[in-house]
Amino acid sequence: MLENTSTLAAYRITVTSGSRTVEVPVLLPGGRSGVALDHPAVGPVIWIAPEALGGFTPVTADVVPGGVRYRSGNCRPLTSRGAAVLFRAPDGRITGGEQLPAASVSCAPGERVLPGAAAGAEVFPYCDLRTE
C-alpha cells in the first residue's frame, strides 16, 4: 500500500519488485493506492504542487454485484493504466492481489460498471493525466 504523507502530489511513482514494474500515475496528499507486488520498492517520483494538476480528482472504484463501479468527477477522460486489486483477510491483512490491464478499467467522466473483481476486494484505478 502506498500512502502520500506529504503536502505535494506524487506524480509518476515507479514501483518495482524483482523484474516487475508498475507506475502509479498520481497520488494526492493524504491519498493511498494499492500495488499488487510482493516486497515493492518505490523508485523515482515527481513531486508537484496539487494545484498544478488543474482540478484533477482521483477516480474511485467500488466492487458491486457483477463488477466494479468506477467514478470520475473529472471533466475529461483520463488514460487508464490499469488498476491494482487487493484482497484482505477478515482481520485486515492483505492476502493477495493482482494487476488489472488498462482495458479493464474505466477512467471516463461519470460512472461506469465494468466486469471484474471479487466481493471484498479493494480496487485502486491507475488513471493518468497524460495521453501517451
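Numbers given to residues run from 1 along each chain, matching the order in which its sequence is written. Two thresholds apply to this predicted model, a pLDDT of at least 70 for residue-level local features and 80 or more for giving and counting side-chain atom pairs, whereas whole-chain, interface and lining totals are computed over all residues. Working from all heavy atoms in the structure, the side-chain values ignore hydrogens and water.

Draft legend 1. The nonpolar core, seen in detail. Judged by nonpolar contacts, the single largest core of 19 residues is most densely connected at Tyr70, Leu78, Val123 and Leu129. The helix and strand labels rest on DSSP assignments: H or I over at least four residues marks a helix, E over at least two residues marks a strand, and numbering proceeds from the N terminus. Secondary-structure elements contributing two or more residues to this core are strand 2 (9-17), strand 8 (67-72), strand 9 (79-88) and strand 12 (122-128). Among all residues touching Leu129, those that are not within four sequence positions of it are Tyr11, Val26, Leu53, Phe56, Arg76 and Leu78. In this description, a nonpolar core means a group of buried Ala, Val, Leu, Ile, Met, Phe, Trp, Tyr and Cys residues linked to one another through side-chain atoms lying within 4.5 Å. Exposed residues in this analysis have more than 50% of their type's maximum accessible area, buried residues have under 20%, and partly exposed residues fall in between, with area computed by a 1.4 Å probe over protein chains only. Within the second largest apolar cluster, 14 residues are counted, among which are Ile13, Val22, Ala84 and Tyr126. The contact rule is simple, with two residues in contact once any of their heavy atoms fall within 4.5 Å.

Draft legend 2. Quick peek at the pairing of strand 8. Paired strands, in this sense, are two strands between which DSSP finds at least two bridges. Pairing geometry for strand 7 (residues 60-64) and strand 8, over five bridges, is antiparallel. Across the sheet, Ala61 pairs through a bridge with Tyr70, a residue of strand 8. Taking the residues between adjacent antiparallel strands as the criterion, strand 7 and strand 8 are bridged by two residues, where Gly66 takes a positive phi near 90 degrees.

Draft legend 3. Highlighting the sheet that holds strand 8. Judged by pairing direction, the sheet is antiparallel, and its three strands sit side by side in the order 7-8-11 without closing on themselves. The open sheet has two free edges, formed respectively by strand 7 and strand 11 (110-114), since each of these has just one partner strand. Within the sheet, the average angular offset between the axes of one strand and its neighbour, ignoring direction, is 20 degrees. In this structure, strand 8 lies alongside strand 11, joined through five bridges in antiparallel fashion. Looking across to strand 11, one finds that Val68 is bridged to Leu114. All axes here are fitted lines through C-alpha atoms, helices being fitted over the stretch that makes contact, and every angle between N-to-C directions spans 0 to 180 degrees.

Draft legend 4. Focus on the state of the cysteines. Here, a disulfide means two cysteine sulfur atoms that sit within 2.5 Å of each other. Under the criterion given, the structure shown has one disulfide. Each sulfur of the disulfide joining Cys107 and Cys127 lies 2.0 Å from the other. Taking the sign of the torsion about the S-S bond as the criterion, the disulfide between Cys107 and Cys127, at about -75 degrees, is left-handed. Taken together, the positions of Cys107 in the loop between strand 10 (94-100) and strand 11 and Cys127 in strand 12 put the pair 20 residues apart, joining distant regions of the chain. We note that Cys107, like Cys127, is buried. Here Cys75 is not disulfide-linked; the sulfur of Cys127 is the nearest cysteine sulfur, at 14 Å.

Draft legend 5. Region of the structure containing the pattern of salt bridges. The term salt bridge refers to a pairing of a side-chain nitrogen on Lys or Arg with a carboxyl oxygen on Asp or Glu at a separation within 4 Å. Under the definition given, this model contains nine salt bridges. Of the charged contacts, one joins Glu111 and Arg71 as a salt bridge, the two residues approaching to 3.0 Å between their closest N and O atoms. Within this pair, whereas Glu111 is found in strand 11, its partner Arg71 is found in strand 8, the two being separated by 40 residues in sequence. Residue class for Arg71 comes out partly exposed when judged on its relative accessible area of 32%. Residues joined by salt bridges that share partners form a network here, namely Arg12, Glu23, Arg81, Asp128 and Arg130.

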